[in-house]
Each structure stands twice: as structure tokens, then as C-alpha cells.
Amino acid sequence: NNTHNHRHSHDAAAATMTKDSGATDADRAINSRLRERFSRMNPRGFETLVITTSNGAVVITGNLEKVEDIQRISNEARNVQGVKSVTNQVTATKKY
């Protein structure tokens, strides 16, 4: 039985999937909306992305293959409800 894990249960699914972090519940909700959108786009390198949100200010780090994908995730992130600003620190792994 899992009683000793009880207090972590609501975070368990998120924690296993990703290293994302949010300062508040609202920030964590933003992160899951972003994660959902990025997974639909599924850029190469998606699994390296880490989203950190604090009071609506989103910082994205990681490595994507293509510069255009990096720009696309910035644009996507800015359109997500609750997002006030986006700082994209993702690196392109292919330099053309």
C-alpha cells in the first residue's frame, strides 16, 4: 500500500514527466498548458525543455535542433492564458 507516499501523490505525475517548476498553482497550470502545446508541436529536442514560471513570467531552457522551433515555442508561449512574459533561453543544436 502507498500510504507513505500520500502527500506527494498530486505532484508525482508532473515530477516524473518533467523538471518544470512553478512558484504558484497558477504558474504550474501555465506550465502544463505550455507543456501540452509544445508536445503537440513536438519539436526535435522537446524532451530537453524545462519550463520555469514565476507569477506569469515564463523562462524556457533546453536544446532544440532548429532555430525556427525555438521561435515557434516563444510565440506559442506568449499566447497562453496567464503568461505575462517569456524568456526563451533555448539553444539551437544545429547551427546552419
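Residues numbered from 1 in each chain as written. Predicted model: local features only at pLDDT ≥ 70, side-chain atom pairs only at ≥ 80, totals over all residues. Heavy atoms only, no water.

**Considering the environment of Ser39**
- Looking at where Ser39 falls in the secondary structure, it is placed in helix α2 (residues 25-41).
- From its side chain, Ser39 meets the backbone oxygen of Glu36 in a polar contact 2.8 Å long. (Helix = DSSP H or I, 4+ residues; strand = E, 2+ residues; numbered from the N terminus. Polar contact = N/O pair within 3.5 Å; in protein donor to acceptor, adjacent residues only side chain to side chain.)

**Things to note about the side chain of Thr53**
- With respect to the element layout, Thr53 can be found in strand β2 (residues 50-54).
- Using a relative accessible area of 2% as the deciding quantity, one classes Thr53 as buried.
- Polar side-chain contacts of Thr53 include one of 2.4 Å to the side chain of Asn31.
- Discounting residues that sit within four places of it in the chain, Thr53 has contacts with Ser21, Gly22, Ala23, Asp27, Ile30, Asn31 and Val58. (Buried < 20%, exposed > 50% of the residue type's maximum accessible area, 1.4 Å probe, protein only. Contact = heavy atoms within 4.5 Å.)

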